[in-house]
Structure formats: C-alpha cells, structure tokens
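Examination of the molecular architecture
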Amino acid sequence: MPELLLNHSSLNDALAANTAAKRWCVALSGGPDSTVLLHLLCEWRAEHPSEAPALLAIHINHHMQADADSWQAHCETLCSSWNVPLIVRDALVQGSGQGEEAAARQARYQLFEVEIGAGDILFMGHHLDDQVETYFLRLMRGSGLSGLSAMPAQRALGGGQLIRPLLKIERSALAAYASAHQLQSIQDPSNLDTSLDRNYLRQEVLPLLARRWSGYRQTVARAAEHAAVSQAVVNECLPAPGTVRSALGDPGIEQRVLNALSPEAAMITLRNWLRSGALPMPDQL
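Here we summarise the structure given alongside this text. Residue numbers here run from 1 along each chain, matching the order of that chain's written sequence. In view of the model being predicted, local features appear only for residues whose pLDDT reaches at least 70, and side-chain atom pairs are presented and counted only at 80 or more, with totals across whole chains, interfaces and linings using the full set of residues. As a rule here, side-chain values come from all non-hydrogen atoms in the structure, and water together with hydrogens is ignored.

Now for the overall build of the protein. From N to C terminus, the protein includes 11 helices and eight strands. Based on C-alpha atoms, the radius of gyration is set beside the globule rule, defined as 2.2 Å times the residue count to the power 0.38. Here the protein has a C-alpha radius of gyration of 21 Å; the compact-globule value for 285 residues is 19 Å, and the two agree. By principal-axis analysis of the C-alpha atoms, the protein measures approximately 60 × 45 × 40 Å. Partly exposed residues are those whose accessible area sits between 20% and 50% of the maximum for their type, while under 20% is buried and over 50% is exposed, using a 1.4 Å probe and protein chains only. Here the protein holds 285 residues, and the buried ones make up 39% of them. Should any heavy atoms of two residues lie within 4.5 Å, those residues are counted as being in contact. The long-range fraction of contacts in the protein, counting pairs at least 24 apart against all pairs at least 6 apart in sequence, stands at 69%. Accessible surface computed for the protein: about 15800 Å², of which carbon and sulfur atoms make up 52%. For the protein, the distance from the average site of its 22 positive side-chain charges to the average site of its 29 negative ones is 5 Å. Helix and strand labels come from DSSP, where a helix needs a run of H or I of at least four residues and a strand needs a run of E of at least two; each type is numbered from the N terminus. Using the Shrake-Rupley algorithm and a 1.4 Å probe, accessible areas are obtained, with residue cover drawn only from the displayed protein chains. Neither His nor the chain ends is counted toward charge; the positive residues are Lys and Arg and the negative residues Asp and Glu. We put the charge of a Lys on NZ, of an Arg on CZ, of an Asp on CG and of a Glu on CD.

Only buried residues count toward a nonpolar core. Its members are Ala, Val, Leu, Ile, Met, Phe, Trp, Tyr and Cys residues joined through side-chain atoms within 4.5 Å. By size, the foremost hydrophobic cluster in this structure holds 31 residues, and its most contacted members are Trp24, Leu38, Leu41, Leu55 and Phe123. Of all the elements in the fold, those that place two or more residues in this core are β1 (23-27), α2 (32-47), β2 (54-61), α3 (68-81), β4 (120-123) and α7 (171-180). A per-element tally of this core places α2 first, with seven residues. Residues contacting Leu41, with those up to four places away along its chain left out, are Leu15, Trp24, Val26, Leu55 and Phe123. Judged by nonpolar contacts, the second largest core, of 15 residues, contains Ile58, Tyr109, Ile116 and Met124.

It is generally the case that most residues other than glycine have a negative phi and that most peptide bonds are trans. With a phi angle near 55°, His63 is a residue other than glycine that sits in the positive phi range. By the secondary structure assignment, His63 is in the loop between β2 and α3. Overall, the relative accessible area of 44% leaves His63 in the partly exposed class.

Looking at where Val220 falls in the secondary structure, it is placed in helix α9 (residues 216-237). Take Val220: its relative accessible area is 11%, and that puts it in the buried class. Distance from Val220 to Leu148, taken between C-alpha atoms, is 9.9 Å for residues 72 residues apart in sequence. Val220 has contacts with Val132, Tyr135 and Phe136, leaving out every residue within four places of it along the chain.

Note on method: axes are straight lines fitted to C-alpha atoms, helices fitted across the in-contact stretch only, with angles between N-to-C directions ranging 0 to 180 degrees. One can describe the packing of α9 onto helix α11 (residues 263-276) by two numbers: an axis separation of 10 Å at closest approach and a directional angle of 95°. The angle between α9 and α11 places the two elements in the roughly perpendicular class. Contacts from Gln231, Val234 and Asn235 of α9 reach α11 at Ile268, Asn272 and Arg275. Three classes are used: nonpolar for Ala, Val, Leu, Ile, Met, Phe, Trp, Tyr, Cys and Pro, charged for Asp, Glu, Lys and Arg, and polar for all others, with Gly counted as polar. For the contact of α9 with α11, a count of residues per class yields two nonpolar, three polar and one charged. Here the angle decides the label: under 35 degrees means roughly parallel, over 145 means roughly antiparallel, 65 to 115 means roughly perpendicular, and every other value means oblique.

This part covers the sheet that holds β4. Across the sheet, which stays open at both edges, the six strands sit in the order β3-β2-β1-β4-β6-β5 with mixed pairing between neighbours. The strands lining the two open edges of the sheet, one partner per strand, are β3 (86-90) and β5 (154-157). Taking each pair of neighbouring strands and ignoring which way they run, the sheet shows an average axis angle of 25°. Note: β4 against strand β6 (residues 160-163), three bridges, orientation parallel. Across the sheet, residue Phe123 finds its bridge partner in β6, namely Ile163. In this fold α3 packs onto β2 and β3, with an angle of close to 170° to the strand it touches most, β2. Docked against the sheet, helix α4 (residues 100-115) engages β1, β2, β3, β4, β5 and β6, running at close to 150° with respect to β2. Strands were regarded as paired on the criterion that DSSP finds at least two bridges between them.

The following block contains the structure:
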C-alpha cells in the first residue's frame, strides 16, 4: 500500500463488518502505531456516525519504565482532546522463565481478557512489519505451523474478539500518516535495545533482507498465511481430543486415543490438546 494512500477508508472492510459490536476498544500504548489506529477509528466514526459503536481506549500501565506514568498522562491528554473515554489498568508484571517482555505481554493480555466483554471488539495496532518480525522470531525458535502462522488478523479474546486491522500495512505508511496529521506519540527507549531479539531483527537483520529482497514483507506474510491455512486443515483432521480427569482431578488424554495414531499424528494431537487448554507447550515432543 503506497504510504500516502492510508486513510480511514482503508479500514472499511474490517470496520463495516463489525458495526454490530457492543463497543469498539483500542489498546492504546501511546506509541505511534496505536495512536494512528485510534485516530483512524475516530475519523471513520465521524464519517459514519449512525453506524459505528461506542469507542473507547484502554491503556495498560506496566510501571516498568521510569516514564510509565508520563506515558499514561499522555494517553489521558490525547483521549481527552479526541473526546474518547479512556480506561487505565495497572499491570502486575511477575517474573517468568520467558523473560520480562513476555511477562509484560502476559500481564497485559490477562487484563484485556477481563475488560473485553460479550460483543466487544479490541482493536490492536500491529502492522505488517510486526507480523514479519513475529514470523522470524518464531522461526528462530523452531516453531511449527501454528507458530509460523504468526499473528491472526482476528481471534477470540475474553468475551469478544481481538482484531488487527493494520496487519497488512507497513510501518512506514503509519509513520507517513502520523506525520501528515501531526500526531504526537511517545517513544519507548527500550525499542533501541538490540539485546532484545525483536529489536535486533528490526534494526540489524531485516534491513539486510530489504537490500536484497525489497518485497520481503509481503512474501513473508504470504508464507505465514500458508502456514495458517495448513494448520487449520491439520486441526480439522486431528482435532483436540476430549479431556479426562485422574482420581486427583488432573487433566489428561486417554492413552488409547494416542496409541491409535501414528507417532507424528499423536504428537500433533497432543499439541492441539495442550493448546486448547491453554497449557504450556514443550519445545519438542
């Protein structure tokens, strides 16, 4: 998508299909991507006043950066100026074996799960470059089809749905939009820390790919879509079996179900069962 063609009409398909929602909620960090998304939604609602549901923003304060409270204040000022109600929630980020960034993400999504009720939609500002980075991160971790599907454009969340309407739009297009509309946003200094895998990919690795393959974003996104389609077929052919309980109440699968399958099919079936119960996934089975 050419940078200067991004406007609220670019979201027509995603938004027009969801006007029956109870509320439109935007995950607002105060960064460039979520700020652009909120502005696009405000513009779309102004043009479709009789169609669009109520709009609000949700800001999660992780209290992990020295400027966290000033970021919250920025979001409050922004929403006040755009006449958008803002919900602020404080995240309790606890250490985990996956690192601080993963712990913050888990805490953030737990709060979203609670906040998003039946009929609500949570819009998130993930874009094409985020999708590509997610694909490569999971590739380097040896992920299977599910992981290489990267981020879905839509999935269930809490009592409602999570939708990523910018997932096919490049970061540069969002930056051009922000500049054209003079949108002010915060900059997280941790984004410059190349000791973090995502930042290393963004700043060191992907620019090298762009020099050789200028259209790599679209081709990687297409590969992720192929993986998602393949995973959907696998899920249909090898659905997660029902859960049984031990005498102590622990969840499990009947062994005969796995014994009836080939080792490869049994591995996939077990993974699907673990995923269906939101249970930890081993690196290998």
